[in-house]
Amino acid sequence: MNTWIKEQLELQKEPDYQKFTSGLLPGVAHILGVRLPALRKIAKQLAKDDWQQYLRTACDDSYEEIMLQGMVLGYADGDLAKKQPFLRSFLPKIDNWSVCDSACSTIKLAKKQPQAFWEFLRQYLHSPNEYEVRFALVQMLNYYVTEAYLSRTLEAIDSVTLHTYYVQMAQAWAVSVCYRDFPEQTLPFLLNNHLDDFTHNKALQKITESLKVPKEKKAYIKTLKRR
């Protein structure tokens, strides 16, 4: 199976796209240059077969091969109980925002098992691994900015203590989504939170950049900036 995967990736790679992707992901090695739609097509094929055996033996030789593992976890049939051991093996492999966020958009266990998956994600909010924390936060902003989970999501965002760039950006992004969808309920959080100044101000920036937030609200949000 791994031989077939490598052959498919070799056929699909593009030197110009490799340069483009490498520019977006400084420090990430072994990027072949395969576009996301092509990766998703391969992942869907793998998910239809014995996806568990694939994940047990999957290669980590390239950015794309790790990306495929996250996509297969999303596309494969199975509940959290079935996927959990593979998720726990996959998450430590994430070393960039692209793999993290693509996996989050594909893994939709929150839709069918919101409470069980919430408890799973909470375990990673205080991981020392930057991208495990980001994975939890991006899952939350994707699937848990709802009336039922809003207060818990804001509390989760506020509880994170790892101050690394891609965690901070995920926190800010998550706060902006909360405000966009629930402005009145999120405003008290903006007035009183434990975010560091960089993250707090970045959240305000993202809110003011949103096309879905009215201009008059943006003007007030700007006044909350920490100096």
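Residues numbered from 1 in each chain as written. Predicted model: local features only at pLDDT ≥ 70, side-chain atom pairs only at ≥ 80, totals over all residues. Heavy atoms only, no water.

Draft legend 1. Local environment of the overall build of the chain. Within the chain, the regular secondary structure consists of 15 helices and zero strands. Against the 2.2 N^0.38 benchmark of 17 Å for 227 residues, the chain shows a C-alpha radius of gyration of 19 Å, consistent with a compact globule. Here the chain holds 227 residues, and 52% of them are scored as buried. For the chain, the accessible surface area stands at approximately 11,400 Å², while carbon and sulfur atoms represent 52% of it. Each charge class in the chain can be summarised by its mean position, and for the 30 positive and 26 negative side chains these summaries are 5 Å apart. (Helix = DSSP H or I, 4+ residues; strand = E, 2+ residues; numbered from the N terminus. Rg over C-alpha atoms; globule rule 2.2 N^0.38 Å. Buried < 20%, exposed > 50% of the residue type's maximum accessible area, 1.4 Å probe, protein only. Areas by Shrake-Rupley, 256 points an atom, 1.4 Å probe, with all protein chains shown as cover. Lys, Arg positive; Asp, Glu negative; His and termini not counted. Charge placed at Lys NZ, Arg CZ, Asp CG, Glu CD.)

Draft legend 2. Main features of the nonpolar core. Of all hydrophobic cores here, the largest spans 79 residues; its most connected members are L87, F117, F135, Y144 and L190. With nine residues, helix α10 (residues 130-143) is the largest single contributor of residues to this core. Dropping the residues within four chain positions of it, L87 is found in contact with L73, L80, I107, L109, F117, F120 and F135. (Core = buried A, V, L, I, M, F, W, Y, C linked by side-chain atoms within 4.5 Å. Contact = heavy atoms within 4.5 Å.)

Draft legend 3. Here's a closer look at α10. The end-to-end C-alpha distance of α10 is 20 Å, a good match for the 20 Å that 14 residues give at a rise of 1.5 Å each. For α10, a buried count of 13 out of 14 residues is recorded, marking the element as mostly surrounded by other parts of the structure. By the N-cap criterion, in which a side-chain oxygen at the helix start approaches the backbone nitrogen of a residue two or three places on, α10 is capped by N129, the distance to Y131 being 2.9 Å. (Expected span 1.5 Å × (residues − 1). Polar contact = N/O pair within 3.5 Å; in protein donor to acceptor, adjacent residues only side chain to side chain.)

Draft legend 4. Just the packing of aromatic side chains, in detail. What the rule picks out here adds up to ten aromatic pairs. Seen from their ring centres, W118 and Y149 are 5.4 Å apart, and the 45° between their planes marks the pair as tilted. Taken together, the residues W118 in helix α9 (residues 114-122) and Y149 in the loop between α10 and α11 (150-159) connect sequence positions 31 residues apart. Take W118 and Y149: they sit in the same class, and that class is buried. Between the aromatic rings of Y131 and Y166, the centroid separation amounts to 5.9 Å while the plane-to-plane angle is 35°, which identifies the pairing as tilted. (Phe/Tyr/Trp six-rings, centres within 6.5 Å; stacked < 30°, edge-to-face > 60°.)

Draft legend 5. Structural detail: the packing of α11 against helix α12 (residues 165-181). Running from N to C, α11 and α12 point in directions that differ by 155°, and their axes come no closer than 10 Å. Considering the angle they form, α11 stands roughly antiparallel to α12. Helix-helix and strand crossings are classified by hand; for α11 and α12 the assignment is left-handed. Each of L150, T153, L154 and I157 in α11 lies in contact with α12, whose residues at this interface are Q171, A174, V175 and C178. Taken together, the residues of the contact of α11 with α12 break down into six nonpolar, two polar and no charged. (Axes fitted to C-alpha atoms, helices over the stretch in contact; angles between N-to-C directions. Parallel < 35°, antiparallel > 145°, perpendicular 65-115°, else oblique. Left-handed = near helix turned anticlockwise from the far one by under 90°. Nonpolar A, V, L, I, M, F, W, Y, C, P; charged D, E, K, R; others polar.)

Draft legend 6. The arrangement of the environment of C104 in detail. Inspection of the secondary structure assignment puts C104 in helix α7 (residues 97-106). As for C104 and N193, which are separated by 89 residues in sequence, their C-alpha atoms are 26 Å apart. Residues within four places of C104 in sequence aside, it is in contact with F135, V138, Q139, N142 and Y143.

Draft legend 7. Quick look at helix α3 (residues 36-48). For α3, built from 13 residues, the straight-helix expectation of 18 Å at 1.5 Å per residue is met to within 8% by its first-to-last C-alpha distance of 18 Å. If you check which residues of α3 are buried, you get A38, L39, R40, I42, A43, L46 and A47. Buried residues in α3 make contact with α1 (2-12), α4 (51-57), α5 (63-75) and α7.

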